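A closer look at the structure
Below, each chain spelled out in residue letters.
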Amino acid sequence: MSPISRRTLLVATLLASVAFAPAAFAQDFDANATIRIGSLYEPQNLDNTAGAGQGINEAFNGNVYEALFQLTDAGSVEPALAADYTVSDDGLTYTFTLKDGVTFHSGDPLTAADVKYSIERVTAETSKSSRKKSLSTITAIDTPDDKTVVITLSARSISLPYNLSYVWIVNDKAADITATEDGTGPYTLEEWRRGSALALARFDGYWGTAPSNGEAIYTYFTDATALNNALLTNAVDVITSVQSPDSLAQFAGNPAYTVTEGASTTKELLAYNDRVAPFDNVKVRKALARAVDKAKLLNSIWGDYGTLIGSFVPPTDPWYVDLTGVDAYDPDSAKALLAEAGYPDGFTFTLDTPDYDPHPLVAQFLQTELAKVGVTVNINIITANEWYTKIYQEHNFEATLQEHVNHRDIVFYGNPDFYWGYNNPEVVKLIADSEAASSIDEQTAKLTEANKIIAEDAASNWLYLYPQIVVSAANVTGYPINGLNSQFFAYGIKKAN
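These lines cover the structure that appears in this document, whether it is placed above or below. What you see is a predicted model; the values in this text were computed from it and never measured. (Residues numbered from 1 in each chain as written. Predicted model: local features only at pLDDT ≥ 70, side-chain atom pairs only at ≥ 80, totals over all residues. Heavy atoms only, no water.)

Section: the overall build of the protein chain
Applied cut-off: Secondary structure elements are taken from DSSP: a helix is a run of H or I of four residues or more, a strand is a run of E of two residues or more, and numbering for both begins at the N terminus. Each radius of gyration is computed over the set of C-alpha atoms, and the globule rule expresses the reference value as 2.2 Å times the number of residues to the power 0.38. Three labels apply to residues, based on accessible area from a 1.4 Å probe with only protein chains included: buried if under 20% of the type maximum, exposed if over 50%, partly exposed otherwise in between. Throughout, a residue-residue contact means that at least one pair of heavy atoms, one from each residue, lies within 4.5 Å.
Along the backbone of the protein chain there are 12 helices and 20 strands. Against the compact-globule benchmark of 23 Å for 497 residues, the protein chain has a radius of gyration of 23 Å, which places it among compact chains. Once the C-alpha set of the protein chain is aligned to its principal axes, its extents read approximately 70 × 55 × 40 Å. In the protein chain, buried positions account for 57% of the 497 residues. For the protein chain, the proportion of contacts with a sequence separation of at least 24, taken over those separated by at least 6, is 73%.

Below, the structure is given as structure tokens:
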């Protein structure tokens, strides 16, 4: 297959078009319907600053919690709880005015104090939010009245509205929200049966447009086959993201189902601990990138779906460039680079691999490929919780597999303290300077340059970009098709009578 699949060619069209599945039944739907959503990603807890995983974004972002701004399914950033805002001439002071008439599910009114509290939850030392560093330029948050929030920065932050879209506004009276919630969104948490399902009920006191349904139930499955069978047997109405191309034959061409392919931001990568030998050697990293036939890997996992990428940046990001030619598949060159790096006979390393699909299969593929250039891979299967503690928190690993779902997350390579430990001072400066840029064009230029350097450094081994395939019953419409950041807005979903 070509380095860039047909999906990439469709991205611009997808993002410029309607962000939700066509509402063919818009004039004839059940406003009180229960929408049954099937997913493989159950939250580990209900607090997105407490290491809850991507499942909490899928169920709660935009549904239960809202932010000052919202990242739409089409990739734009739009005001949500912020009615308006102004920026000082020096770019260091942002003044936000909150929308009127917003209440939390508990009945408390939204105030500026809640916004201050919520931002400080994300930036707190104990926060596990991956976006904490993105808000590190905030030096003060003032609340001159209940409707006004003034944020003072130590340096320009052109992405502040975007970064604030990750900050869920929580009632400042809320305490531990790992198993409960108090948001402002269109749904309240009705019930969470751990290991089974999470039910959201329409919030009748919602300030905005009411949901197109009465209830949304996220049902969780441990494997893709069970998830697909649930749709085939009418146990669920829609699958948030199909995890195997083999299953699509059951749905494609069948008038009882709708198959929709959107634009993904989920990257599968082999991440090295760049702090430790031999992965602190750029020649070793480049050798391993050249040793893996990524086109073959992608085809073995996804068939004709998905996209090859040469960096951490997907085509939906403004600073995307095609870097698939950097360290392209070339086993002979890989062997030569290993010899130059001082490893003519290869080496052995342990690959910590999450226990859920597709990681174990990817690990086995990498084991076979790297053996061809003399590198031995010992696979160590770990749970998602173990991964978070061992890899993300303790940095106690040599290499690992992981999917990263976030939109515009090249910034993680500008943070030497991030779990993979990549530290190129030039990249750190470019990413920092891009945030202080005075224009979008300047920001884009700097991040494009950083992207190219990161790719040349083979900071990680970017294997492929997942496809984003949503399958639903034919009478269900209005769901998001792109799922940026794994969010899955339920409020627009309609079920025909």
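What to know about the packing of aromatic side chains
The condition is simple: Centre distance within 6.5 Å is the pairing criterion for rings of Phe, Tyr and Trp, where only the six-membered ring of Trp is used; planes under 30 degrees apart are then read as stacked, over 60 as edge-to-face, and the remainder as tilted. The criterion is that NZ of a Lys, or CZ of an Arg, lies within 6 Å of the ring centre and within 35 degrees of the ring normal, and then a charge sits over that ring.
Taken as a whole and assessed by the stated rule, the structure comprises 33 aromatic pairs. Relative to Trp 420, the ring of Tyr 419 lies with its centre 5.1 Å away and its plane at 50 degrees, an arrangement referred to as tilted. Owing to a relative accessible area of 1%, Tyr 419 belongs among the buried residues under this scheme. Classification of Trp 420 as buried rests on a relative accessible area of 0%. Each member of the aromatic cluster is reached from another via a ring pair, and the members are Phe 312, Trp 387, Tyr 388, Tyr 392, Phe 397, Phe 412, Tyr 413, Phe 418, Tyr 419, Trp 420, Tyr 422 and Trp 462. Sitting over the ring of Tyr 166, Arg 131 keeps its end group 4.1 Å from the ring centre. One residue, Arg 408, lies across the ring of Tyr 162, its end atom 5.0 Å from the ring centre.

Description of the packing of helix H7 (residues 294–302) against helix H9 (residues 359–371)
Rule in force here: Angles shown run from 0 to 180 degrees and are taken between the N-to-C directions of axes, each axis being a line fitted to C-alpha atoms and, for helices, limited to the stretch in contact. Throughout, a crossing is termed right-handed when the near helix is turned clockwise from the far one, and left-handed when it is turned anticlockwise from it by less than a right angle. Amino acid classes used here: Ala, Val, Leu, Ile, Met, Phe, Trp, Tyr, Cys and Pro are nonpolar; Asp, Glu, Lys and Arg are charged; the rest, including Gly, are polar.
Direction vectors running N to C along H7 and H9 enclose 150 degrees, while the axes themselves pass 11 Å from each other. Considering the relative orientation of H7 and H9, their crossing is right-handed. Contacts between H7 and H9 involve Lys 296, Leu 297, Ser 300 and Ile 301 from the former and Leu 361, Val 362 and Phe 365 from the latter. Grouping the amino acids of the contact of H7 with H9 by side-chain chemistry returns 5 nonpolar, 1 polar and 1 charged.

Concerning helix H10 (residues 384–393)
Under the convention used in this document: The reported arc concerns the directions from the helix axis to the C-beta atoms and nothing else.
Buried residues of H10: Trp 387, Tyr 388, Ile 391 and Tyr 392, and no others. Seen from one end, H10 has its buried residues packed into an arc of 110 degrees, which puts them on one side. Of the surrounding elements, those touching the buried residues of H10 are strand E14 (348–354), strand E15 (376–382) and strand E16 (399–404). Following H10 by one or two positions, His 395 adopts a phi angle in the positive range, close to 55 degrees.

A look at the nonpolar core
Stated formally: Nonpolar core, defined: a set of buried Ala, Val, Leu, Ile, Met, Phe, Trp, Tyr and Cys residues in which side-chain atoms within 4.5 Å join the residues together.
Leu 288, Phe 349, Leu 351, Leu 463 and Tyr 464 are the most contacted members of the largest nonpolar core, which has 33 residues in total. Of all the elements in the fold, those that place two or more residues in this core are strand E13 (267–272), helix H6 (282–291), H7, helix H8 (331–340), E14, H9, E16 and strand E17 (461–465). Take this core: its biggest share by element is 5 residues, from H9. Apart from residues lying up to four places away in sequence, Leu 351 is in contact with Leu 270, Ala 363, Leu 366, Val 377, Asn 378, Ile 379, Asn 380, Ala 399, Thr 400 and Leu 401. In this structure, Ala 33, Val 470, Ala 473 and Ile 493 belong to the second largest nonpolar core, which totals 30 residues.

Keep in mind that these numbers describe shape and distance, not what the molecule does.
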